[in-house]
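# Structural characterization, general
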Amino acid sequence: MKRVTIRVPATTANLGPGFDAFGCALSLYTDVTFEETDSGLEITGCDEAYTGPDNLAYTAYCAVLGTLSEEVRGVKIHIDAHIPICRGLGSSAGAMGANVLRGNKLSTQGLLNITNAMEGHPDNLAPAFLGGLTASMVDGGLPVSVSFPLHAGWEFLVLIPDFTLSTPSPVPFCRSRSTAGTPFTTSPTARWCSRRWSLGTKSCCAPPCRTGFTRTTGKS
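Here we summarise the structure given alongside this text. Source: prediction; values computed, not measured.

Applying the stated rule across the entire model yields four salt bridges. Across the salt bridge formed by D31 and R7, the nearest N and O atoms sit 2.8 Å from each other. With D31 in strand 2 (residues 22-37) and R7 in strand 1 (residues 2-13), the pair connects residues that are 24 residues apart, well separated along the chain. The class for R7 is partly exposed, based on a relative accessible area of 34%. The partner of K105 in a salt bridge is E70, with the nearest N and O atoms 3.5 Å apart. Within this pair, whereas K105 is found in the loop between helix 2 (91-101) and helix 3 (108-119), its partner E70 is found in the loop between helix 1 (56-67) and strand 4 (74-80), the two being separated by 35 residues in sequence. Linked through salt bridges whose partners overlap, the residues forming this network are E36, E70, R102 and K105.

As structure tokens, this is what we get:
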């Protein structure tokens, strides 16, 4: 049977004015192993609440196989997590795992398209796929993202509260105002960043310090 291990970075998003637009990959990683079986689903390494067919890694795995018109048979998924649950991991790992097992038939943009359709916004997804600091927007229903290098001297401090908030939930301090149109006002900033980068306006950026993903494959 085929087996692959995907390493995915933690991501942070909604940076500064970039609500649902700016994201960043961090040097905290989780390894997710996918092993094909004849039938069934087995997910280990995480809380029992996340071991069902609604697990994001599994649903993304199935979505990629569906895009490739491949039959979804059985799979064992083991999560070696170094990222707190509900803080940025899931569909990107599942999409990468399925794609590697099928010979990388889909491009990174193709995987981003699939996972963005699942999650509704690319701000956390883009840095998981591309690494570094990303600016993203949705144009014509499809995500458009560009990755920028981070200053090699930057360090990040992560503060994790003792409660969780799922993505669809409103941020408590934003309840007094509507955020429905916010991505449409911040995403032009992403377009501006992308345009300046493509024109070679890079003077504000230091040499690259990217934090993408690595993968190892094997057969058992």
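Before going further, it helps to examine the environment of F19. Mapped onto the fold, F19 is located in the loop between strand 1 and strand 2. A relative accessible area of 23% places F19 in the partly exposed class. C-alpha of F19 to C-alpha of D123: the two residues are 104 residues apart in sequence and 8.2 Å apart in space.

Using the criterion set out here, one finds two aromatic pairs in the structure. Plain terms: the ring middles of F34 and Y61 are 5.7 Å apart, the flat faces sit at 5 degrees to each other, and that makes the pair stacked. Taken together, the residues F34 in strand 2 and Y61 in helix 1 connect sequence positions 27 residues apart. Residue classification places F34 among the buried residues on the basis of a relative accessible area of 0%. Look at Y61 and you get buried, because its relative accessible area is 3%. With centroids separated by 6.5 Å and ring planes inclined at 20 degrees, the aromatic side chains of Y58 and Y61 adopt a geometry described as stacked. Placement of both Y58 and Y61 in helix 1 is noted, with a separation of three residues, approximately one turn of the helix.

Calculation rules
- Residues numbered from 1 in each chain as written.
- Predicted model: local features only at pLDDT ≥ 70, side-chain atom pairs only at ≥ 80, totals over all residues.
- Heavy atoms only, no water.
- Salt bridge = Lys/Arg side-chain N within 4 Å of Asp/Glu carboxyl O.
- Helix = DSSP H or I, 4+ residues; strand = E, 2+ residues; numbered from the N terminus.
- Buried < 20%, exposed > 50% of the residue type's maximum accessible area, 1.4 Å probe, protein only.
- Phe/Tyr/Trp six-rings, centres within 6.5 Å; stacked < 30°, edge-to-face > 60°.

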